[in-house]
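Next come the chains, spelled out residue by residue.
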Amino acid sequence: MSVLPLVFTSGWASGINAYAVVLLFGVFGATGLTDEVPESLQRTDVLVVVGVLFVCEAVADKIPYVDSIWDTAHTVIRPVSGAVVAALLAGQSGSLPEIAAGAVGGSTALMSHLVKAGTRMAVNTSPEPFSNIAVSTAEDLGVAGIITFAIFHPLAAAIVAGGLLLLGIVIIVFLAAKIRNFRQRKTERRARRRVAATWPD
């Protein structure tokens, strides 16, 4: 079977939480649940490093505005990680050229990263922190679930990941319009207040 569905799914998940993807693949490979994972992802030092980074992301990703700063810093990291993981998976499988796999994984990771970052910008317009925690937790569980599913059912997982990516793009378009309208109304209210404050009695 072609490794393309697994490459696509890993790319989507990498755009949301690249460290979780590497950690999960490494653990699944090291425990013998799958032979699709290259040995380089199963190394103890790699698992320790990504485990620490995963914890850092789990904390930073749930703090309002810190999550957006973290996303900005990972605009390059997540697509590159998606491309590298995809190329390694293709190299292990031998059913897809590594360059093609890297292009699919990297571009998919970039798209899902932009959806995630845009969603977080919208969530940060809310003053309370609970929505950030809820969204971040849902993302973490989604990545864990889809990667686990992809190990055993790669094609079905890729279809789910593709559907989630399309849904995310639609949501971002909707949220962008709502945010623009919200900011426009806020600006208009401020302008009216300034005019009222300077209007002579």
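Everything numeric in this text was worked out from a predicted model, so none of it was measured.

J.: In this structure, what is going on with the overall build of the protein? I would like to understand it.
T.: Counting its regular elements, the protein contains seven helices and zero strands. Secondary structure elements of the protein, listed N to C terminal, follow the sequence α-α-α-α-α-α-α. Projected onto the principal axes, the alpha-carbon positions of the protein cover approximately 80 × 30 × 25 Å. Burial statistics for the protein: of 201 residues in total, 40% are counted as buried. Across the protein, every contact between residues at least 6 apart in sequence was considered, and the portion connecting residues at least 24 apart equals 73%.

J.: I keep staring at the packing of helix 3 (residues 66-73) against helix 5 (residues 98-123) and nothing clicks. Help me out?
T.: The packing of two helices is summarised by the inter-axis angle and the distance between the axes. Between helix 3 and helix 5, the least distance of the axes is 9 Å, while the angle of their chain directions is 160°. If you check the angle between helix 3 and helix 5, you find them roughly antiparallel. Helix-helix and strand crossings are classified by hand; for helix 3 and helix 5 the assignment is left-handed. Here helix 3 contributes Asp67, Ser68 and Asp71 to the contact with helix 5, which in turn contributes His113, Lys116, Ala117, Arg120 and Met121. Each residue belonging to the contact of helix 3 with helix 5 can be placed in one class, and the counts come to two nonpolar, two polar and four charged.

J.: Help me out: how do you make sense of the pattern of salt bridges in this one?
T.: Close approach of charged atoms allows side chains with opposite charge to pair. On inspection of all chains with the given rule, the structure shows nine salt bridges. For arginine 120, the salt bridge identified is with aspartate 61, shortest N-O distance 2.9 Å. Separated by 59 residues along the polypeptide, arginine 120 in helix 5 and aspartate 61 in the loop between helix 2 (44-60) and helix 3 bring together distant segments of the chain. As far as the burial class goes, arginine 120 and aspartate 61 line up, both buried. Its salt-bridge partner being glutamate 139, residue lysine 116 comes within 3.1 Å of it at the nearest N-O pair.

J.: It is not clear to me how a positive patch on the surface should be interpreted in this structure. Could you clarify?
T.: A cluster of basic residues, Arg189, Arg190, Arg192, Arg193 and Arg194, forms a positive patch on the protein surface. Within the secondary structure, arginine 193 sits in helix 7 (residues 154-198).

Definitions and cut-offs
- Along each chain, numbering runs from 1 in the same order as the chain's sequence is written.
- This being a predicted model, a pLDDT of at least 70 is required before a residue's local features are given, and a value of 80 or more before pairs of side-chain atoms are given or counted; all residues contribute to the totals for chains, interfaces and linings.
- Just so you know, side-chain values use all the structure's heavy atoms and leave hydrogens and water out.
- Put simply, DSSP marks the helices as runs of H or I at least four residues long and the strands as runs of E at least two long, and each gets a number from the N terminus on.
- Residue burial is assigned from relative accessible area. The probe radius is 1.4 Å, only protein chains are included, and a residue is buried under 20% of its type maximum, exposed over 50%, and partly exposed in between.
- In this description, contact between two residues means that some pair of their heavy atoms is separated by no more than 4.5 Å.
- Axis geometry follows a simple rule: fit a line to the C-alpha atoms, using only the stretch in contact for helices, then measure angles between N-to-C directions, giving values from 0 to 180 degrees.
- Throughout this description, any angle smaller than 35 degrees is read as roughly parallel, any larger than 145 degrees as roughly antiparallel, any in the 65 to 115 degree range as roughly perpendicular, and the remainder as oblique.
- Definitions for this section: a left-handed crossing has its near helix turned counterclockwise from the far helix by less than a right angle. A right-handed crossing has that turn clockwise.
- Lys, Arg, Asp and Glu make up the charged group, whereas Ala, Val, Leu, Ile, Met, Phe, Trp, Tyr, Cys and Pro make up the nonpolar group; the residues left over, Gly among them, are polar.
- Put simply, a salt bridge is a Lys or Arg side-chain nitrogen that is within 4 Å of an Asp or Glu carboxyl oxygen.
- Like-charged residues within 9 Å of one another, or nonpolar side chains (Val, Leu, Ile, Met, Phe, Trp, Tyr) within 5 Å, are grouped into patches, provided each residue has over 30% relative accessible area and no salt bridge.
- Calculation of accessible area relied on Shrake-Rupley with a 1.4 Å probe; when residues are assessed, cover is drawn exclusively from the protein chains displayed.
- By the counting rule applied here, Lys and Arg register as positive and Asp and Glu as negative, while His and the ends of each chain are not counted.
- Think of each charge as sitting on NZ of Lys, CZ of Arg, CG of Asp or CD of Glu.

By themselves these figures say nothing about function.
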